[in-house]
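# Structural description and commentary
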Amino acid sequence: MAQLKVKTLGGDKKSIDAKDGTIMMEALRDAGLIDATCGGAASCGTCHVYFADSSLAGEHTEDEGYMLESLADFVEVKDGSRLCCQVKVTEDLDGAELDIAPEA
Ligand code: FES
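Attention in this report is confined to the structure presented alongside it. Note that the coordinates shown come from a computational prediction; the quantities given were computed from them, not determined experimentally.

Definitions and cut-offs
Residues numbered from 1 in each chain as written. Predicted model: local features only at pLDDT ≥ 70, side-chain atom pairs only at ≥ 80, totals over all residues. Heavy atoms only, no water. Helix = DSSP H or I, 4+ residues; strand = E, 2+ residues; numbered from the N terminus. Rg over C-alpha atoms; globule rule 2.2 N^0.38 Å. Buried < 20%, exposed > 50% of the residue type's maximum accessible area, 1.4 Å probe, protein only. Contact = heavy atoms within 4.5 Å. Areas by Shrake-Rupley, 256 points an atom, 1.4 Å probe, with all protein chains shown as cover. Lys, Arg positive; Asp, Glu negative; His and termini not counted. Charge placed at Lys NZ, Arg CZ, Asp CG, Glu CD. Phe/Tyr/Trp six-rings, centres within 6.5 Å; stacked < 30°, edge-to-face > 60°. Lys NZ or Arg CZ within 6 Å of the ring centre and 35° of its normal. Pairing = 2+ DSSP bridges. Salt bridge = Lys/Arg side-chain N within 4 Å of Asp/Glu carboxyl O. Core = buried A, V, L, I, M, F, W, Y, C linked by side-chain atoms within 4.5 Å.

### Quick look at the overall build of the chain
Looking only at helices and strands, the chain features 2 helices and 5 strands. In sequence order, the chain lays out its α and β elements as β-β-α-β-α-β-β. The C-alpha radius of gyration computed for the chain amounts to 12 Å, which stays within 12% of the reference 13 Å derived for 104 residues, consistent with globular compactness. Seen through its principal axes, the chain has C-alpha atoms that stretch 35 × 30 × 25 Å. Across the 104 residues that make up the chain, the buried fraction comes to 39%. Expressed as a percentage of contacts within the chain between residues at least 6 apart in sequence, the contacts between residues at least 24 apart total 62%. As presented, the chain carries roughly 5700 Å² of accessible surface, and 41% of it is formed by carbon and sulfur atoms. In the chain, 9 positive and 21 negative side-chain charges are present, and the distance between their average locations comes to 7 Å.

Here it is in structure tokens:
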């Protein structure tokens, strides 16, 4: 289990529990924090988050990298940017701080 510290666009802070081995997007979507419009196909960008500690963000998948390049025309893409539908939850992410990115 990882407890994620999520800051919404409005500045509210929420703690979200996510089970190890699940996809991070599912926990954030189920908490109503993101839309995840494409359902996890790395093709909508509505699950874009910023890891406060970019060393926790991990590597982009190939499709995710293309999507983040597209998003960069509209919103800030940072070192800690991830599409959370491409992030598997592990206990290493317990306590990770995330900001929901603005929608493109
Ligand atoms: S849910 Fe669409 S890109 Fe992640």
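### Notes on the packing of aromatic side chains
Inspection of the entire model under this criterion finds 0 aromatic pairs. In this arrangement the basic side chain of Lys78 is found over the ring face of Tyr50, its NZ or CZ atom lying 4.2 Å from the centre.

### Topic: the pairing of strand 1 (residues 2-7)
Residues of strand 1 alternate between two faces, with Ala2, Leu4 and Val6 buried on one and Gln3, Lys5 and Lys7 left unburied on the opposite face. Pairing of strand 1 with strand 2 (residues 13-18), which is carried by 6 bridges, proceeds in the antiparallel orientation. Paired with Val6 across the bridge in strand 2 is Lys14. Relative to strand 5 (residues 97-100), strand 1 runs parallel, the two sharing 3 bridges.

### What about the pattern of salt bridges?
Tallied over the full model, the rule gives 2 salt bridges. Between Arg29 and Asp30 there is a salt bridge, with the nearest N and O atoms lying 3.3 Å from each other.

### Observations concerning the nonpolar core
One finds Leu4, Met24, Leu28 and Phe51 to be the most contacted residues of the largest nonpolar core, which totals 30 residues. Going through the elements one at a time, strand 1, strand 2, helix 1 (24-30), strand 3 (48-51), helix 2 (62-71) and strand 5 are the ones with two or more residues in this core. The greatest single-element share of this core, amounting to 4 residues, is contributed by helix 1. Once you skip the residues sitting within four places of it in the chain, Leu28 turns out to touch Leu4, Val6, Leu33, Ile34, Val49, Cys84 and Ile100.

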